[in-house]
Amino acid sequence: MTSEYVTFGLAPAMRAGGVLADGAYQTHRDFLDFVVDGRPLLARLADLDAVSPLAADIGPSGLAEQVRTLLLEAEAPLEGGRCVIYGCPECEGLECGAVTAVVERDGPDVIWRDFVWQTGDTPDAERDGYHDIGPYRFPGEQYRAVLKRLLTADGAPALEVPTGPRALLIGQRAAVLAKLAAALRTIGIGAEITLDAVGAHADELRKYGAVVFGRTVGPGERDAVRDAFTAARSDAVCVTALAPIVPLLVAQVEQALDRTPHDRRRLLGLTAVAGGAEAVVEVASACRVRLTAHRLDRLSRPHARELFDTVLTPGTHRIPLDPRAIRGRSFLTARTSETVRVTPVDY
């Protein structure tokens, strides 16, 4: 058993929701990621789309149960003392696959070992094991102190897990904003539409993480709304709708809601070379990136095409673009499991 100690921590994380190129919905999830020796553990799993069991939307009793399991105060849910470390963000069912590990005491310390990808009752450690991850030995006192901060003295959940995100859509209740609000609610983001937020109470304004201006909202109205949010001491990010394309607008909202510290982001940047010949994607650590083109044709009908879907290594990547997908008013979205970036394509 390893004798080297590593530190244990928690950090807010997000699984980005969205409307994908094929029309499927991807649910937005806020959760706490595990931080091992200062680095998020999920970042070591380059192509994994998953969330930890410490999610914001599992309810108070569910959160308390998950914390007590990791504290070894409750029986492990899987055979062999295994706990789910990361699970499916859509259904959380084991049949979809999950990263599990044996969580056990070793004297005063806590060990996480034998990480595997598990889809049934009994995992195949040789075939599906993450042999380059762990084992991790956490100092017991520090490990327990971090997790117990999520609970009050009587064992009830404390309010440290991120709460659900909300976006305020400003403009006429036209078809596009109504469809955007419906799409956001479907993926787990609260959304309301209003014509004017200037007279709203400061406490109400502070509930929103993003503000989206419809195309009918003029510069003066936008400035007045920004001033109202500033006066309310809100950190909401204001964005102007790029085009009446719902999946693109959802991506804009997701980008505005992203509060991940820069040094913990895997997808750092997305730009398009003038003329639409190629996209430039900057990646901090190995991760799966999906690149999608959105455009409006001459009749203002939206089109989407997935251009690229693979694991990229750290660095800057120049990706040639299919000219058939980049015509007229075009835009690009790049997605990892936790980050979305949007850029227009300039000609």
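Preceding block: the structure.
Residues numbered from 1 in each chain as written. Predicted model: local features only at pLDDT ≥ 70, side-chain atom pairs only at ≥ 80, totals over all residues. Heavy atoms only, no water.

**Q** Looking at this structure, I do not really get the overall build of the chain. What am I missing?
**A** What the chain contains, in helices and strands, is seven helices and 20 strands. Taking 2.2 N^0.38 as the reference for a compact globule, 347 residues should give roughly 20 Å; the C-alpha atoms of the chain span a radius of gyration of 22 Å, in line with that estimate. On the principal axes, the C-alpha backbone points of the chain span a range of 65 × 50 × 30 Å. Here the chain holds 347 residues, and 50% of them are scored as buried. Total accessible area computed for the chain in this model is approximately 16,200 Å², and 50% of it derives from carbon and sulfur atoms. (Helix = DSSP H or I, 4+ residues; strand = E, 2+ residues; numbered from the N terminus. Rg over C-alpha atoms; globule rule 2.2 N^0.38 Å. Buried < 20%, exposed > 50% of the residue type's maximum accessible area, 1.4 Å probe, protein only. Areas by Shrake-Rupley, 256 points an atom, 1.4 Å probe, with all protein chains shown as cover.)

**Q** Looking at this structure, how should I read the pattern of salt bridges?
**A** Note on pairing: side chains with opposite charge can pair once their charged atoms come close. Taken as a whole and judged by the stated rule, the model has 20 salt bridges. Between Arg166 and Glu204 there is a salt bridge, with its nearest N and O atoms 3.3 Å apart. Placement of Arg166 in strand S10 (residues 166–170) and of Glu204 in helix H5 (residues 202–205) is noted, with a sequence separation of 38 residues between them. With a closest N to O distance of 3.0 Å, Asp322 and Arg305 form a salt bridge. A residue pair is termed long-range when its members are at least 10 positions apart, and Asp322 in the loop between strand S18 (315–320) and strand S19 (329–335) and Arg305 in strand S17 (residues 302–312) qualify at 17 residues. It is possible to trace a salt-bridge network through shared partners that takes in Arg166, Glu192, Glu204 and Lys207. (Salt bridge = Lys/Arg side-chain N within 4 Å of Asp/Glu carboxyl O.)

**Q** I keep staring at the side chain of Thr339 and nothing clicks. Help me out?
**A** For Thr339, the position within the fold is in the loop between S19 and strand S20 (340–345). Note on Thr339: relative accessible area 0%, which makes it buried. Ignoring any residue separated from it by four or fewer positions in sequence, one finds Thr339 in contact with Ala16, Asp258, Leu267 and Ala334. (Contact = heavy atoms within 4.5 Å.)

**Q** Please explain the packing of aromatic side chains as it appears in this structure.
**A** Aromatic rings in a pair are described by how distant their centres are and how their planes are angled relative to each other. In total, this model carries eleven aromatic pairs according to the counting rule given. With a centroid separation of 5.1 Å and an interplanar angle of 70°, the aromatic rings of Phe8 and Phe138 are classed as edge-to-face. One end of the pair, Phe8, is in strand S1 (residues 8–15); the other, Phe138, is in strand S9 (residues 136–138), and 130 residues separate them in sequence. Each member of the pair Phe8 and Phe138 is classed as buried. (Phe/Tyr/Trp six-rings, centres within 6.5 Å; stacked < 30°, edge-to-face > 60°.)

**Q** Help me understand helix H1 (residues 60–70), please; the structure alone is not making it clear to me.
**A** Within an α-helix, residues lying three or four positions from one another point in the same direction, as the helix has 3.6 residues per turn. By the burial criterion, the buried members of H1 are Gly62, Leu63, Ala64, Val67, Thr69 and Leu70. Elements in contact with the buried residues of H1: strand S4 (29–36), strand S6 (82–86), strand S7 (98–106), strand S8 (109–118) and helix H3 (140–148).

**Q** Mind showing me how you'd approach the sheet that holds strand S11 (residues 190–194) here?
**A** Strand pairing within a sheet occurs via backbone hydrogen bonds; the two strands may be parallel or antiparallel. Strand order in this open sheet of four strands is S11-S10-S12-S13, and the pairing throughout is parallel. Because the sheet does not close on itself, it has two edges, and the strands there are S11 and strand S13 (237–240). On average, each strand axis in the sheet is inclined to that of its neighbour by 20°, with strand direction left out of account. Inspection of the sheet shows strand S12 (residues 210–213) paired to S13 by four bridges, in the parallel sense. (Pairing = 2+ DSSP bridges. Axes fitted to C-alpha atoms, helices over the stretch in contact; angles between N-to-C directions.)

**Q** I would appreciate a short explanation of the packing of helix H4 (residues 175–186) against helix H7 (residues 246–257) in the present structure.
**A** The relative placement of two packed helices is expressed as an angle between their axes plus a distance between the axes. Relative to each other, H4 and H7 sit at 60°, their axes nearing to 10 Å. The angle between H4 and H7 places the two elements in the oblique class. Once H4 is placed against H7, the crossing between them reads as right-handed. Taking contact as the criterion, the partners of Val176, Lys179, Leu180, Ala183 and Leu184 in H4 are, on H7, Val246, Leu249, Val250 and Val253. Taken together, the residues of the contact of H4 with H7 break down into eight nonpolar, no polar and one charged. (Parallel < 35°, antiparallel > 145°, perpendicular 65-115°, else oblique. Left-handed = near helix turned anticlockwise from the far one by under 90°. Nonpolar A, V, L, I, M, F, W, Y, C, P; charged D, E, K, R; others polar.)

**Q** Honestly, the side chain of Arg166 in this entry has me stumped. Any pointers?
**A** Separated by 3.1 Å, the side chains of Arg166 and Tyr208 make a polar contact. Not counting residues up to four positions away in its chain, the partners in contact with Arg166 are Ile189, Gly190, Glu192, Glu204, Lys207, Tyr208, Gly209, Ala210 and Leu257. (Polar contact = N/O pair within 3.5 Å; in protein donor to acceptor, adjacent residues only side chain to side chain.)

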